[in-house]
Amino acid sequence: MILRQLFLEHVGQTSENPLMIEIERAEGIYMYSPDGKRYTDLISGVTVSNVGHGNKYVTDAVCRQVNNYMHLMVYGEVVESPQVRYAQKLASVLPDPLESVYFVNSGSEAVEGALKLAKRYTGRTELVAFKNAYHGSTHGALSIMGGEEFRNAFRPLIPGVRHINFNAAEELKYITSKTAAVIVEPVQGEGGVRPADPHYLKALRERCTETGALLIFDEIQTAFGRTGELFATIKYGVTPDILVLAKALGGGMPLGAFISSQVIMESLKTNPMLGHITTFGGHPVCCTAGLAAFEYLMDSEITAEADRKGKMFEDILTGHPLIQEIRRTGLLLAVEIGDEGLNQRIIRDFVKEGLVPDTFLFCESAFRIAPPLIITDEQIKETCGTIIASMNKFI
Ligand code: PLP
């Protein structure tokens, strides 16, 4: 109780209603409070813990690296094997020409780096982003965020940003020879799990190529098996000029990256030199954790199973009288209740019933299902049982 009070007094708060669950330890898909109550992680800390909490392959690697070395030097000067090996591994599975990885500390910073890189490479200044898109909370990322109510209080933001509607082919005309970059989530996460139409994504790629604008994919929520493929870029067969990663990239540690061809990345070298600087970006312990999680993912069937597991959730929950719609890609689902107030009450009850839930920034009438990808069929059935029992209280 005291810790919870101190949390409210001394840890900066940004919401009136934090979940307020105290967690002592976490393992697999479960988190445990000091009184022994078990919570099922329904959202993977928002699509981070894809290989589960306390994954021994990851934690052992982290312990070894901590004993070898932690921070040595600012980014890009010293050859650190965790960083090099992880960059090489990512390049080996990503489509060409995504071969050069700039590691940073978070998703927002990766987005900042990607925007700067696109402006520097093209020499252009205008940016195109999407309504209901979320790319982070720093000034640049906030400028391209697709929700006016979040942006407005922090103006002035970066100029030259146009927001267009997602999946609206007729608006591709707003991408022009003045556009430095178009940034898109292949599946809008905070918009409430809205997958891009495959034809639309291809047309977007073509329009960018035609106009010389760089296409940036923000795969911060969708990468590392979540959609049933390692990356949504592979699932859609559409390759961006710059790929932005974070969240599950670090295997539970803070890590982000923007990835491009070497030719594009080289433009951060000159005029000015050191076009992007970070002290901790690509931290050896974070890269070790990320690489271990990635190897674990690659060596297992988790990614191949994600779609079937997501469909299991969908099949069990479909037909419940309070559910209006389920939107899904792989093991990322939005369960649409259609009423913000009711959704909030359901989410509060989930916490009482031992689930760690979440809604979406731009879709508060739905709740999110994105558990660690290692969840078993038995655990899915049990979790759905809890979800249904909880929702039944509101019929
Ligand atoms: N982009 C997307 C699609 C996200 O979902 C998020 C975070 O939720 C971000 C960017 C920002 O990442 P971070 O919170 O690590 O800065």
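Everything below is about the structure shown above.
Reading the values: the criteria
Residue indices begin from 1 for each chain and proceed along its sequence in written order. Only residues with pLDDT of 70 or above have their local features reported here, since the model is predicted, and side-chain atom pairs are shown and tallied only from 80 upward, although totals for entire chains, interfaces and linings are computed over all residues. Computation of side-chain values covers all heavy atoms of the structure but excludes hydrogens and water. A run of DSSP states H or I qualifies as a helix once it reaches four residues; a run of E qualifies as a strand once it reaches two. Both are numbered from the N-terminal end. In a helix, the anticipated span is given by 1.5 Å times the number of residues less one. Using a 1.4 Å probe on the protein chains alone, a residue whose accessible area is under 20% of its type maximum counts as buried, one over 50% counts as exposed, and one in between counts as partly exposed. What the arc covers is the set of directions going from the helix axis to the C-beta atoms. DSSP calls a pair of strands paired once it identifies at least 2 bridges connecting them. For helices, the fitted axis covers only the stretch in contact; all axes are lines through C-alpha atoms, and the angles between them, taken along N-to-C directions, range from 0 to 180 degrees. What counts as a ring pair is set by centres within 6.5 Å for rings of Phe, Tyr and Trp (its six-membered ring), and what kind of pair is set by the plane angle: stacked under 30 degrees, edge-to-face over 60, tilted for all other angles. By definition, disulfides here are pairs of cysteine sulfur atoms that lie within 2.5 Å. By the definition used in this description, the sense in which the near helix is turned from the far one sets the handedness, with an anticlockwise turn below a right angle giving left-handed and a clockwise turn giving right-handed. Only heavy atoms matter for contacts: two residues are in contact if any of them lie within 4.5 Å across the pair. Whether a residue is near a molecule or strand depends on its heavy atoms: it is near if one of them lies within 4 Å of it. Any N or O atom pair separated by 3.5 Å or less is treated as a polar contact, with the protein-specific requirement of one donor-capable and one acceptor-capable atom, and with residues adjacent in sequence counted only for side-chain atom pairs. Per-residue accessibility takes into account occlusion by the displayed protein chains alone, with areas from the Shrake-Rupley method and a 1.4 Å probe. Amino acids are sorted into nonpolar (Ala, Val, Leu, Ile, Met, Phe, Trp, Tyr, Cys and Pro), charged (Asp, Glu, Lys and Arg) and polar (every other residue, Gly among them).

Details of helix α8 (residues 198-211)
- For α8, which comprises 14 residues, the first-to-last C-alpha distance of 20 Å matches the rise-based estimate of 20 Å (1.5 Å per residue) to within 8%.
- Residues Tyr200, Leu201, Leu204, Arg205, Cys208 and Thr211 constitute the buried set of α8. Each buried residue of α8 lies within a common arc of 145 degrees when the element is viewed along its axis, so the set occupies one face. Residues His199, Glu206, Thr209 and Glu210 are exposed on α8 and point more than 90 degrees away from its buried face.

What about the sheet that holds strand β16 (residues 366-369)?
- Across the sheet, three strands lie side by side as β13-β14-β16; this open sheet has antiparallel pairing. The outermost strands of the open sheet, each flanked by one partner alone, are β13 (325-329) and β16. Strand after strand, the sheet turns through a mean of 15 degrees between neighbouring axes, direction not considered.
- Taken together, the five bridges between β13 and strand β14 (residues 332-336) define a ladder with antiparallel strand orientation. Each residue of the ladder has a partner; that of Thr329, found in β14, is Leu332.

Here's the deal with the packing of aromatic side chains
- Summed over all chains, the structure comprises 14 aromatic pairs.
- Each ring, one from Phe130 and one from Phe166, has its centre 5.7 Å from the other, and the planes form 85 degrees; the classification is edge-to-face. Here Phe130, found in strand β5 (residues 126-130), pairs with Phe166, found in the loop between β6 (161-164) and β7 (179-184); they are 36 residues apart in sequence, far enough to count as distant.
- Judged by its relative accessible area of 15%, Phe166 falls in the buried class.

Some points on the state of the cysteines
- Across all of its chains, the model carries zero disulfides by this definition.
- Cysteine Cys363 is unpaired, with the sulfur of Cys384 as its nearest cysteine sulfur at 19 Å.
- Looking at Cys363, the relative accessible area reads 6%, which means it is buried.

Here's the deal with the pairing of strand β10 (residues 214-218)
- Along β10, five of the five residues are buried, which leaves the element largely enclosed by surrounding structure.
- Side chains Leu214, Ile216 and Asp218 of β10 all project onto a buried face; the interleaved residues Leu215 and Phe217 project onto the opposite face, where all are buried too.
- Where β7 and β10 come together, four bridges link them in parallel fashion. Bridging from a neighbouring strand, Ile183 pairs with Ile216 of β10.
- Note that β10 and strand β11 (residues 242-245) share three bridges and pair parallel. If you follow Ile216 over to β11, its bridge partner there is Ile242.

Some remarks on the packing of helix α4 (residues 81-93) against helix α11 (residues 284-298)
- Packing of α4 against α11 leaves a shortest axis separation of 8 Å and a crossing angle of 35 degrees. The two elements α4 and α11 cross, and the hand of that crossing is left-handed. Between α4, through Pro82, Gln83, Arg85, Tyr86, Lys89, Leu90 and Val93, and α11, the contact on the second element is made entirely by Pro284, Cys287, Thr288, Gly290, Leu291, Phe294, Glu295 and Met298.

Observations regarding the site of the ligand
- Within the structure, the ligand sits among Ser106, Gly107, Ser108, Tyr134, His135, Gly136, Glu185, Asp218, Ile220, Gln221 and Lys247.
- Within the side chain of Asp218, an N or O atom sits 2.7 Å from a nitrogen atom of the ligand.
- The separation between an oxygen atom of the ligand and a polar side-chain atom of Gln221 is 2.9 Å.
- When isolated, the ligand has an accessible area of 390 Å², and the protein chains bury 83% of it.
- Tallied by class, the residues present in the shell around the ligand amount to two nonpolar, six polar and three charged.

The values reported here are purely geometric and, on their own, carry no functional implication.
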